[in-house]
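The chain contents come next:
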Amino acid sequence: MAALGMTTTACGGPSVGDVESQALTLQVSGVYLGPKAVPSGDDARGDFTMSRALISVDSMQLTPCASGSAPITLDPRVYDLLADPPLGETVTTAVTEFCTLRIDLTPSPDVTESASSSDESLLLEAKDETAAKITYAGEDSPSLTFTADNGDFFGDQPLLLGFDLSGWLAYLAGGATNPLPGLFDSTLTDVAALYVDTNGNQQLDADEQTPVAHAQASR
Ligand SMILES: [Ca+2]
């Protein structure tokens, strides 16, 4: 096992003396824990790659560990998981220990498949090398809760709420050859996890891929 260093690296955060309030940074983006391309099996079509990944978040809520402390709720926002630079949130708060992150998805008029007139909560698209698309559009309003895996609080920062695009790419590519690639819903909890971007480079590096919290479906 590689040692998970306890070094305190400078991460652009508040100085030690600044205990009144500090910034909590949470990046929301797609990550690749596996392949970034999946062969279509057809030489003329080449590989599938992810070309769109949008989620519409109705609310994102960070709950302090201390009982009685009010949760912090962030405004609705559509996150483009492929955005470069990645999207994220910064919250100024006196709270240093958060134990739970919850996100609620909801359909938004800003997330609509071109062929559809309905609002979607989630839109995924993969393309092959002929630009032919495979699309998944979801209208459900699932909620995900992330609770620190070690029973502790989310300690280090910046936090990175990552959605494994490799998992979704495999799902879409599987659907290209199989009309019934299985239920999509379960993939959401499989692909979402909370990480720490230890070196603050807005990328999920190889030594940062152990989540601090896994997603659970919540009601
Ligand atoms: Ca990093």
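As shown above, the structure is provided for reference.
Calculation criteria
- Residues numbered from 1 in each chain as written.
- Predicted model: local features only at pLDDT ≥ 70, side-chain atom pairs only at ≥ 80, totals over all residues.
- Helix = DSSP H or I, 4+ residues; strand = E, 2+ residues; numbered from the N terminus.
- Buried ≥ 20, exposed ≤ 12 C-beta atoms within 10 Å, placed from the backbone.
- Contact = placed C-beta atoms within 7 Å.
- Pairing = 2+ DSSP bridges.
- Core = buried A, V, L, I, M, F, W, Y, C linked by C-beta atoms within 7 Å.
- Expected span 1.5 Å × (residues − 1).

So, on to the overall build of the protein. The number of helices and strands found in the protein is two helices and 13 strands. Taking all 219 residues of the protein together, 29% fall into the buried category. Expressed as a percentage of contacts within the protein between residues at least 6 apart in sequence, the contacts between residues at least 24 apart total 70%.

Moving on: the pairing of strand S7 (residues 98–105). Within a regular beta strand, the side chains point alternately toward one face of the sheet and then the other, so they alternate between its two faces. Note that strand S3 (residues 47–64) and S7 share seven bridges and pair antiparallel. Bridge pairing in S7 links Ser 59 to Asp 104. Of the strand pairs in this sheet, S7 and strand S10 (residues 143–148) are connected by five bridges, and their pairing is antiparallel. Among the inter-strand pairings, Arg 102 is bridged to a residue of S10, identified as Thr 145.

Before going further, it helps to spend a moment on the nonpolar core. In a soluble, globular protein the nonpolar side chains are often hidden away together inside. With 50 residues, the main nonpolar core has Trp 168, Leu 169, Leu 172 and Leu 194 as its most contacted residues. Ranked by residue count, the leading element in this core is S3, at eight residues. Leaving out residues up to four positions away in the same chain, Leu 169 has contacts with Val 38, Phe 48, Met 50 and Ala 126.

Looking now at the environment of Tyr 136. Inspection of the secondary structure puts Tyr 136 in strand S9 (residues 133–138). By the C-beta count within 10 Å, which is 19 here, Tyr 136 ends up partly exposed. Each C-alpha atom, one on Tyr 136 and one on Leu 123, is 5.8 Å from the other, the two residues being 13 residues apart in sequence. Sequence-distant contacts of Tyr 136, defined by excluding residues within four places in its chain, comprise Leu 124, Leu 172 and Phe 184.

The next thing to look at is the pairing of S10. Side chains Leu 144, Phe 146 and Ala 148 of S10 all project onto a buried face; the interleaved residues Ser 143, Thr 145 and Thr 147 project onto a face where none is buried. Bridge count for S10 against strand S13 (residues 213–218) is six bridges, and the pairing is antiparallel. By the bridge assignment, Ser 143 is partnered in S13 with Ser 218.

Of note, the amide linkage connecting Asp 84 to Pro 85 takes the cis form, showing an omega dihedral of 0 degrees. Within the secondary structure, Pro 85 sits in the loop between strand S5 (77–80) and strand S6 (87–93). Between Gln 157 and Pro 158 the backbone carries a cis peptide bond, its omega angle lying at -10 degrees. With respect to the helices and strands, Pro 158 occurs in the loop between S10 and strand S11 (159–164). Here the phi dihedral of Ala 131 falls at roughly 75 degrees; this positive angle occurs in a residue that is not glycine. Among the secondary structure elements, Ala 131 is positioned in the loop between strand S8 (122–127) and S9. In this structure, Gln 202 takes a positive phi of about 65 degrees despite not being glycine. Inspection of the secondary structure assignment puts Gln 202 in the loop between strand S12 (192–196) and S13.

In this model, helix H1 (residues 165–177) (13 residues) spans 19 Å end to end at C-alpha, consistent with the 18 Å of a helix rising 1.5 Å per residue. Along H1, the positions that sit buried rather than exposed are Leu 165, Trp 168, Leu 169, Tyr 171, Leu 172 and Ala 173.

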